[in-house]
Amino acid sequence: MTVEEVGDDYTKDGTVDLRGNPVRRSIRGRWKACSFVVVYEVFERMAYYGISSNLVIYMTTKLHQGTVKSSNNVTNWVGTSWLTPILGAYVADAHLGRYITFVISCAIYFSGMMVLTLSVSIPGLKPPECSAANVEDCKNPSVLRLAVFFGALYTLAIGTGGTKPNISTIGADQFDVFDPKEKIRKLSFFNWWMFSIFFGTLFANTILVYVQDNVGWTLGYGLPTMGLAISISIFLLGTPFYRHKLPTGSPFTRMARVIVASFRKANAPMAHGLTSFHELPSLEYERKSAFPIHATPSLRFLDRASLKTGTNHKWNLCTTTEVEETKQMLRMLPVLFITFVPSMMIAQVNTLFVKQGTTLDRKVTGAFSIPPASLSAFVTLSMLISIVIYDRVFVKLTRKYTGNPRGITLLQRMGIGLSFHILIMIVACVTERYRLKIAADHGLIHKTGVKLPLTIFVLLPQFVLMGIADSFLNVAKLEFFYDQAPDCMKSLGTSYSTTSLAVGNFMSSFLLSTVSEITKKRGRGWILNNLNESRLDYYYMFFAVLNLVNFVLFLVVVRFYVYRAEVTDSVDVKEEEMKSMNDK
């Protein structure tokens, strides 16, 4: 390779190796590095969902908790697991970098899994056995046992806080957006990333859930722990091939400086010439392998932060680029708020949907019965199929008409997912109403522990539709928040996606408790321990209306949202990009 070819082989997006040296694209990154990241995700998701998918059943049958309490404990823990990535993103972007933050978090994650497995295995730590038909007759586990169990769960949640926002970002960092071919490959990364997630989830929802229900919780939790150990090992094996981006300082501090400086100069006369606003020389950005961002007309009040007024203190004067970075993060907030409601719907899959399955006939053939939590596998299967069809068929067809390399915009893809959520809750309402009719027709409304003469597969449509919705909404959401975040705040942008799921789970807990209490006081409760006496159909119809209102608000948000311009969107790069896309 000639000297000129070697020089052109270096990445142009500022990525380095662990020692801070520039990297060559032919040696590091691309799908060669991503293969380790994707395989890691398969095993890690198998481990995580091996715990979360059946957790509500464990809390009901082993910890002897009722419907509302067990569901809320699950959604509160899941919410925490999705909220801690904000901290992980901050540490990665501001201090340690994504790789080091990820490795440390893996150690915390694995320790939580180890203790959790011990808490369901060791006689002195696992809850007492109970053969009584009613939860009220069972002996509750001691405070020590509960402390160890929930302590392990939340240690696990802290560990995932450092892995979730960084692993997908590490994967995306393996593609240089300044190389047209790599930029095109990156467009498919998030589709296949979600494919790997749900492939691991499929194993958890079928094999692991069956082991937990029919073999035992010791092996049922031991296998996910082994899976996590394998996933961490696979990731570490890929270390020589990874590209890394250096930490660029706290994104929260940068945003706070812009907001404070804007308010401090709220009464200053506004100038209009570019020379009146502070910006670093282009050479300064080139030295950092970064690019300045030009001023945009939105959120113009924040432009005051870069207005020159004589003082150069960092809390009084920011660069135009810092102002625009803050604008980009703030512009995404309305989209983030819109995703809270569908995230509440996702919380129902592993709680109320699973609880519904416990009341139905689970027999498939002979002596084989399907565990209720295994219905979640159909969410995974439908999503896997939908993602492949979307990436290989839908994108190619729509690309010809729209000229968009993605086929349709990310917000349009999210909108399709949101519309599916309305349909899901309508179907769930109709199905539950039919289930209640069967219970009434056979005089089983007031009986517990008796299976209804109705196959569990009657719930299948709502699970399948949830998978299709996820293939549109969740993939687009993850890619949108990564894509629209400034280059120096990618981990924080990714954490927006996890924050959506966190808030959705907490809102689900709040609504479940509130609706349960209010409806109990007014007569027949909507959510009781005996689901045959409950009115989940009303609860699901309430969610359908909530999703409809949310979709209308989404249309308003989309109407005013402006996508950020990419620094790679020059004419030359666009021409090469379209050529690469056509060659593909």
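Here the structure is shown first, and the text comes after it.
Computed from a predicted model, the values in this text were never measured in an experiment.

Definitions and limits used
- Along every chain, residues carry numbers that run from 1 in the direction the sequence is written.
- Given that this is a predicted model, residues contribute local features only at a pLDDT of at least 70 and side-chain atom pairs are listed and counted only at 80 or more, while totals for whole chains, interfaces and linings are drawn from all residues.
- As a convention, hydrogens and water are excluded, and side-chain values are obtained from all of the structure's heavy atoms.
- Between Lys or Arg on one side and Asp or Glu on the other, a salt bridge is scored when a side-chain nitrogen of the former is within 4 Å of a carboxyl oxygen of the latter.
- The helix count covers DSSP runs of H or I at least four residues long, the strand count covers runs of E at least two residues long, and both are numbered beginning at the N terminus.
- For every residue, the accessible area obtained with a 1.4 Å probe (protein chains only) is divided by the maximum for its type, and the residue is called buried under 20%, exposed over 50%, and partly exposed between those limits.
- Here, expected helix span is obtained from the residue count minus one, scaled by 1.5 Å.
- Buried and open spaces are told apart on a 1 Å grid over the protein atoms alone, a cavity being a set of points where a 1.4 Å probe fits but cannot get out and a pocket being an open set with protein on both sides within 12 Å along at least five of seven lines. Residues with an atom within 4 Å of a point are the lining residues.
- Grid points are joined across faces, edges and corners, and a volume is the space filled by probe spheres set on the points.
- Nonpolar residues are Ala, Val, Leu, Ile, Met, Phe, Trp, Tyr, Cys and Pro. Charged residues are Asp, Glu, Lys and Arg, and all others, Gly as well, are polar.
- Working definition: rings of Phe, Tyr and Trp (its six-membered ring) pair if their centres are within 6.5 Å, and the pair is stacked with planes under 30 degrees apart, edge-to-face with planes over 60 apart, and tilted otherwise.
- The contact criterion used is simple: two residues touch if any of their non-hydrogen atoms lie within 4.5 Å.
- Polar contact is defined as a pair of N or O atoms within 3.5 Å, subject to the rule that within protein one atom must be able to donate a hydrogen and the other to accept it, and that residues adjacent in sequence are counted only when both atoms are side-chain atoms.
- For the purposes of this section, nonpolar cores are sets of buried Ala, Val, Leu, Ile, Met, Phe, Trp, Tyr and Cys residues that join through side-chain atoms within 4.5 Å.

Novice: Kindly report on the pattern of salt bridges, identifying the contributing residues and their values.
Specialist: As enumerated under the stated definition, the model contains 15 salt bridges in all. When the shortest N-O distance is used, the salt bridge between Arg 98 and Asp 173 registers 2.3 Å. Remark: Asp 173 occurs in the loop between α7 (143-172) and α8 (180-214) and Arg 98 occurs in helix α6 (residues 98-119); sequence separation between them is 75 residues. With a relative accessible area of 7%, Arg 98 lands in the buried category. Residue Asp 173 is classed as buried on the basis of its relative accessible area, which comes to 3%. For the salt bridge of Arg 392 with Asp 391, the shortest nitrogen-to-oxygen distance reads 3.9 Å.

Novice: Describe in detail helix α4 (residues 67-83), supporting the description with residues and values.
Specialist: With 17 residues, α4 ought to run about 24 Å at 1.5 Å a step, and its terminal C-alpha atoms sit 24 Å apart, in line with that. Counting buried positions over the 17 residues of α4 gives 14, a clear majority of the element.

Novice: Can you tell me about empty space enclosed by the protein, naming the residues and giving the values?
Specialist: Empty space among the atoms becomes apparent when a probe as large as a water molecule is rolled across them. Applying the stated criterion to the full structure yields 2 cavities of 30 Å³ or more. Reported here for the largest cavity is a volume of approximately 660 Å³. Taken together, 40 residues make up the lining of the largest cavity; nearest its centre are Arg 45, Tyr 49, Trp 82, Phe 198 and Leu 501. At the level of secondary structure, the elements contributing two or more residues to the lining of the largest cavity comprise α2 (30-52), α4, α7, α8, α14 (340-349), α16 (376-402), α18 (460-484) and α19 (490-521). When grouped by side-chain class, the residues that make up the lining of the largest cavity number 18 nonpolar, 16 polar and 6 charged.

Novice: An account of the packing of aromatic side chains is requested, with residue identities and associated values reported.
Specialist: Counted according to the given criterion, the structure contains 33 aromatic pairs. Seen in terms of ring centroids, Trp 31 and Phe 175 are 5.5 Å apart; in terms of plane orientation they differ by 70°. Their pairing is edge-to-face. Remark: Phe 175 occurs in the loop between α7 and α8 and Trp 31 occurs in helix α2; sequence separation between them is 144 residues. With a centroid separation of 5.6 Å and 65° between ring planes, the pair formed by Trp 526 and Tyr 538 is classed as edge-to-face. Separated by 12 residues along the polypeptide, Trp 526 in the loop between α19 and α20 (536-560) and Tyr 538 in helix α20 bring together distant segments of the chain. Of the aromatic side chains, those joined through ring pairs into one cluster are Tyr 40, Tyr 99, Phe 102, Phe 235 and Tyr 242.

Novice: An account of the environment of Val 215 is needed here, citing residue identities and associated values.
Specialist: Mapped onto the secondary structure, Val 215 falls in the loop between α8 and α9 (217-237). Between the C-alpha atoms of Val 215 and Pro 85, which are 130 residues apart in sequence, the distance is 34 Å.

Novice: Explain the environment of Gln 462 to me, and be specific about the residues and the numbers.
Specialist: Relative to the helices and strands, Gln 462 is located in helix α18. Assessed through its relative accessible area of 0%, Gln 462 is described here as buried. With 314 residues separating them along the chain, Gln 462 and Val 148 place their C-alpha atoms 35 Å apart. Here Gln 462 is in contact with Phe 353, Gln 356, Ile 424, Val 427, Ala 428 and Thr 431, once residues within four sequence places are set aside. A polar atom in the side chain of Gln 462 sits 3.4 Å from the side chain of Gln 356.

Novice: Which residues make up unusual backbone geometry, and what values go with them?
Specialist: A positive phi angle is found at His 64, which is not glycine, with a value near 60°. With respect to the helices, strands and loops of the structure, His 64 is situated in the loop between α3 (55-61) and α4. For Leu 299, which is not glycine, the phi dihedral falls at a positive 50°.

Novice: Any details on the nonpolar core? Residues and values, ideally.
Specialist: In this structure, Trp 77, Phe 149, Leu 153, Met 194 and Phe 235 are the most contacted members of the largest nonpolar core, which totals 63 residues. It is α8 that contributes the most residues to this core, 10 residues altogether. In this structure, Met 194 is in contact with Met 383, Ile 387, Asn 474, Val 475 and Leu 478, ignoring residues within four places of it in sequence. Within the second largest apolar cluster, 37 residues are counted, among which are Val 349, Val 379, Leu 452 and Leu 454.

Novice: Tell me about the side chain of Asn 474, and name the residues and values.
Specialist: Among the secondary structure elements, Asn 474 is positioned in helix α18. According to the relative accessible area criterion, Asn 474 is buried, its value standing at 11%. Setting aside chain neighbours within four positions, we find Asn 474 in contact with Met 194, Ile 346 and Ala 469.

Novice: If you had to explain the side chain of Ser 168 to someone new, which residues and values would you point to?
Specialist: Positionally, Ser 168 belongs in helix α7. Residue Ser 168 is classed as buried on the basis of its relative accessible area, which comes to 2%.

Novice: So what's going on with the environment of Ala 89? Residues and values would help.
Specialist: Note that Ala 89 resides in helix α5 (residues 85-96). A sequence separation of 25 residues divides Ala 89 from Met 114, and the C-alpha atoms of the two residues are 25 Å apart. When residues no more than four places from it in sequence are discounted, the contact partners of Ala 89 are Pro 165, Ser 491, Leu 492 and Ser 495.

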